[in-house]
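The residues making up each chain are set out below.
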Amino acid sequence: MKPLIEVKNLTIEFFLKNGKLRACDNVSFTIYKNEVLGIIGESGSGKSTLASGILNLVQSPGKITSGEVYYYDENDKKVNLLELNTDEFNEYRWKEIATVFQAAQNALNPVLRIKEHFIETVLAHDSGRPIEDIIKKAEEVLKYVRLDTNVLEYYPHQLSGGMKQRVLIALSLILDPKVILLDEPTTALDVITQWYILDLLKDIHERLGVTLIFLTHDISVISGVIDRIAVMYAGELVEYGKVTDVFEEPSHPYTKGLLNAIPTLNDDVTQRKAIPGNPPNLIQEFNECKFSPRCSIFLDGECKGSREKTKIMYFVNDTKCTRCYELAERLTTVKTGEGA
Ligand SMILES: Nc1ncnc2c1ncn2[C@@H]1O[C@H](COP(=O)(O)OP(=O)(O)OP(=O)(O)O)[C@@H](O)[C@H]1O
Ligand SMILES: [Mg+2]
């Protein structure tokens, strides 16, 4: 697997009146070419902030206070996106890395027809492109999202929420990007439309080989389409690995809690347990593991919840990594024991 985007020690802070809020805390991970990655975390865990960091679109009072985001181009040449100026970054934004922002359906301009959205987007990056050419391409990408090309003549208010979301996915495809970041692409849609959109995204991934990154709080919706999963808690990645591997044997107590909380159709919902407590306020310096107040291992007195030890992540196997040093030790010890 070749890397496509490498995020290294990315920290993003919001400078607020009542203090400094660290929404992304020293985040490091790699996105590989042609994979489908899911970044999961509850509301406020920092998913959208991480996405804006990757795109260097963090707005004041937010600031990237440290870290790098490397992009590997077709020839595997490595570029630090955060060192580029706006014009240079525009060569990557949308052309290489496209985004469907959270709640973006409301971002469609109500006074512009859908075709004008496509034209504006393309001309912003390629001012010389003939209009007929853009319309032809727009028709092609609308087919990928299973929309009739008539919608080009419509205004946004004439479309349903699910249709608007599909227009936005089509819009993200218009410049043939290598990767699309999708921030809560199916939230606020009914279950049938959610599945329909995920199905067509899977289809687009298979046909075009485009790398997909889903950012969502809804682990159950995307678990069937992702190859790898990264779990975010209070601004930190706490675990990542192959989705089957993580589901089979989660190596962080937060992931365990998340998986325990998902109801299934033929399940006794009374058996499902919510994770006790609430996520922490992010305006503070942490002196212990961020998850410890909600962690059964800590509450049972089996772990001291050292902050120092949770500042790094630990490999449990070749592809799975966790921030929980206690579980890492247990799982790795068991594996060694089995193999011995
Ligand atoms: N513009 C901002 N000003 C101040 N704080 C912000 C701003 N944007 C985000 N935050 C804070 O950063 C933290 C992470 O927010 P973010 O929107 O990235 O979370 P999220 O995981 O995307 O949540 P959701 O699932 O609700 O979309 C939160 O504590 C939030 O309050
Ligand atoms: Mg968000």
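Residues numbered from 1 in each chain as written. Chains lettered and ligands numbered in written order. Predicted model: local features only at pLDDT ≥ 70, side-chain atom pairs only at ≥ 80, totals over all residues. Heavy atoms only, no water.

With that out of the way, let us pick up the environment of Leu189. Position of Leu189 among the secondary structure elements: in the loop between strand 7 (179–183) and helix 6 (191–208). Taking the relative accessible area as the measure of exposure, Leu189 reaches 11% and is therefore buried. Separated by 29 residues in sequence, Leu189 and Ser160 place their C-alpha atoms 9.9 Å apart. With sequence-adjacent residues up to four places away left out, Leu189 is seen in contact with Gln105, Gly161, Gly162, Gln165, Gln194 and Ile197. (Helix = DSSP H or I, 4+ residues; strand = E, 2+ residues; numbered from the N terminus. Buried < 20%, exposed > 50% of the residue type's maximum accessible area, 1.4 Å probe, protein only. Contact = heavy atoms within 4.5 Å.)

Right, let's talk about the site of ligand 1 for a bit. Close to ligand 1 lie 15 residues; Ser43, Gly44, Lys47, Thr49 and Gln102 are nearest. Separating an oxygen atom of ligand 1 from a backbone N or O atom of Gly44 is a distance of 2.8 Å. Within the side chain of Lys47, a nitrogen or oxygen atom sits 2.8 Å from an oxygen atom of ligand 1. Breaking the shell around ligand 1 down by element, the ones donating at least two residues are strand 1 (3–16), strand 2 (19–32) and helix 1 (47–54). Broken down by element, the residue count for the shell around ligand 1 peaks at three residues, all from helix 1. Split by residue class, the shell around ligand 1 holds five nonpolar, seven polar and three charged. (Near = heavy atom within 4 Å. Polar contact = N/O pair within 3.5 Å; in protein donor to acceptor, adjacent residues only side chain to side chain. Nonpolar A, V, L, I, M, F, W, Y, C, P; charged D, E, K, R; others polar.)

This part takes up the domain arrangement of the chain. Taken domain by domain, the chain comprises domain 1 (3–226) and domain 2 (236–339). For domain 1 and domain 2, the distance between their C-alpha centroids amounts to 28 Å. With 20 residues of domain 1 at the contact, the number on the domain 2 side is 18 residues. Summed over both partners, the interface of domain 1 with domain 2 comes to about 1,500 Å²; 60% of that surface belongs to carbon and sulfur atoms. Per-residue buried area on domain 1 facing domain 2 is highest for Asp25, Glu42 and Ile219; these three make up 34% of the total on that side. Where domain 1 touches domain 2, the interface holds four salt bridges. Two residues, Arg22 and Glu285, come together in a salt bridge whose shortest N-O distance is 3.9 Å. Applying the counting criterion to the domain 1 and domain 2 interface returns five residue pairs in polar contact (both at pLDDT 80 or more). Secondary-structure elements contributing two or more residues to the side of domain 1 that touches domain 2 are strand 2 and helix 7 (219–222). (Domains from an automatic or database assignment. Buried area = accessible area lost by both parts, 1.4 Å probe. Salt bridge = Lys/Arg side-chain N within 4 Å of Asp/Glu carboxyl O.)

Residue-level pLDDT values for the chain average 92, and 95% of them are 70 or greater. Across residues 335–340, where pLDDT falls below 50, the model places two contacts with residues more than four positions away in sequence or in other chains. (pLDDT = per-residue confidence, 0-100.)

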